Amino acid sequence: MKHPKEERTLVLIKPDAIQRALIGEIVRRYERLGLKLIGLKMVVPTAEHVEGHYTLDPSWRKVTGEKTIASYRSRNLPPPSEDPLEITAKILKNLKKYLTSGPIICMVWQGAHAVELVRKITGGTEPRTSPVGTIRGDFVVDSYVMSDADDRAVRNLIHASGSISEAEMEIPHWFEKKELIDYKVTHEDILYEKELRGILP
Ligand code: ADP
Ligand code: MG
């Protein structure tokens with residue numbers, strides 16, 4: 001079995017975050033946690049590549065539609081449709097427009113519980129309801145109500161893999177094996193070694 005410190009997750013800094021000059025802020029938040037950046041590049045993706053990314057997980061269409069319906073219901077608002085797949089078809093069309101509208105930054109972060117901790121720091125899908133202290137909660141104002149009214153994707157600055165299995169499919173979708181660097185950072189001893197050694201003379 002792999003050590004938990006080997007866990008990897010994919011993060012995309014979306015075009016709106018780059019326009020908002022938030023690259024440094026976003027990288028800082030994952031970096032200061034103790035995660036290690038093992039892959040990094042800037043690209044302008046094609047619509048096909050974006051669609052491929054979101055449809056890697058066959059359940060994504062259903063889950064995303066249902067999540068949207070639940071969010072409307074929790075506010076006592078009627079959802080845009082009762083059919084989750086109809087909702088997601090629209091979201092996917094708009095995501096392709098959103099993510100191809102400018103450069104994005106693709107990153108792979110590695111460390112214990114990387115998938116879960118990156119999601120925690122990133123916040124929930126809808127910035128409006130994302131907790132204070134998360135990236136989506138602290139740096140942007142968007143909501144499903146606004147994005148649906150304007151027929152566009154919700155602008156939430158970041159994509160982060162939702163589960164370990166999602167990460168395992170998404171990383172090879174964006175990176176070739178040789179683009180991921182296997183290296184050590186010195187603070188890994190302090191985070192992961194059984195004994196704290198070599199501190200005192
Ligand atoms: P997350 O990015 O939090 O994992 P999802 O995988 O459910 O969220 O959705 C992917 C992306 O699609 C979101 O980050 C957001 O940009 C967009 N999106 C999701 N749901 C909606 C919605 N109801 N209306 C508009 N855009 C949405
Ligand atoms: Mg997702």
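This write-up is about the structure you can find in this document. (Residues numbered from 1 in each chain as written. Chains lettered and ligands numbered in written order. Predicted model: local features only at pLDDT ≥ 70, side-chain atom pairs only at ≥ 80, totals over all residues. Heavy atoms only, no water.)

A look at the pattern of salt bridges
- One pass over the structure, following the stated rule, counts 14 salt bridges.
- For Lys-41, the salt bridge is made with Glu-179, and the minimal N-O distance between the two is 3.1 Å. Here Lys-41 is found in strand β2 (residues 36-43), whereas its partner Glu-179 is found in the loop between α9 (164-174) and α10 (188-192), with 138 residues between them in sequence.
- With relative accessibility at 29%, the residue Glu-179 sits in the partly exposed group.
- Lys-184 serves as the salt-bridge partner of Asp-189, at 3.0 Å between the closest nitrogen and oxygen.
- Several salt bridges converge on common partners, so that one network encompasses Glu-25, Arg-28, Arg-29 and Asp-138. (Salt bridge = Lys/Arg side-chain N within 4 Å of Asp/Glu carboxyl O. Helix = DSSP H or I, 4+ residues; strand = E, 2+ residues; numbered from the N terminus. Buried < 20%, exposed > 50% of the residue type's maximum accessible area, 1.4 Å probe, protein only.)

Here's the deal with the environment of Lys-67
- Assignment of secondary structure puts Lys-67 in helix α4 (residues 60-74).
- Not counting residues within four places of it along the chain, the set of residues in contact with Lys-67 comprises Thr-125 and Tyr-144. (Contact = heavy atoms within 4.5 Å.)

Some remarks on the site of ligand 1
- By nearness alone, 19 residues border ligand 1, and Trp-60, Lys-67, Arg-119, Thr-125 and Asn-156 come closest of all.
- Here Lys-14 contributes a side-chain N or O atom positioned 2.9 Å from an oxygen atom of ligand 1.
- Asp-148 is positioned such that a nitrogen or oxygen atom in its side chain is 3.4 Å from a nitrogen atom of ligand 1.
- When each cavity is represented as a set of grid points, ligand 1 is found to reside in the largest pocket.
- Looking at the shell around ligand 1, the elements with two or more residues in it are α4, α5 (84-99) and α8 (144-149).
- By residue number, the principal contributor to the shell around ligand 1 is α4, which donates four residues.
- Per-class residue counts for the shell around ligand 1 are eight nonpolar, five polar and six charged. (Near = heavy atom within 4 Å. Polar contact = N/O pair within 3.5 Å; in protein donor to acceptor, adjacent residues only side chain to side chain. 1 Å grid on protein atoms, 1.4 Å probe; cavity = no way out; pocket = protein on both sides within 12 Å on 5 of 7 lines; lining within 4 Å. Sits in = over half its atoms within 2 Å of the grid points. Nonpolar A, V, L, I, M, F, W, Y, C, P; charged D, E, K, R; others polar.)

Thoughts on the sheet that holds strand β1 (residues 8-13)
- With antiparallel pairing, the four strands of this open sheet are ordered in space as β2-β3-β1-β4. In this open sheet, the two edge strands, each paired with only one partner strand, are β2 and β4 (158-160). Geometrically, the sheet is characterised by an average inter-axis angle of 15° between neighbouring strands, direction not taken into account.
- Direction of pairing for β1 relative to β4: antiparallel, over a ladder of three bridges. Within β4, the residue paired with Leu-12 across the bridge is His-159.
- Taken strand by strand, α9 contacts β1, β2, β3 (104-110) and β4, and its axis lies near 55° from that of β1. (Pairing = 2+ DSSP bridges. Axes fitted to C-alpha atoms, helices over the stretch in contact; angles between N-to-C directions.)

Examining the environment of Met-146
- For Met-146, the location among the structural elements is in helix α8.
- In this structure Met-146 comes out as partly exposed when scored by relative accessible area, which is 37%.
- What Met-146 contacts, discounting residues up to four positions off in sequence, is Val-141 and Arg-152.

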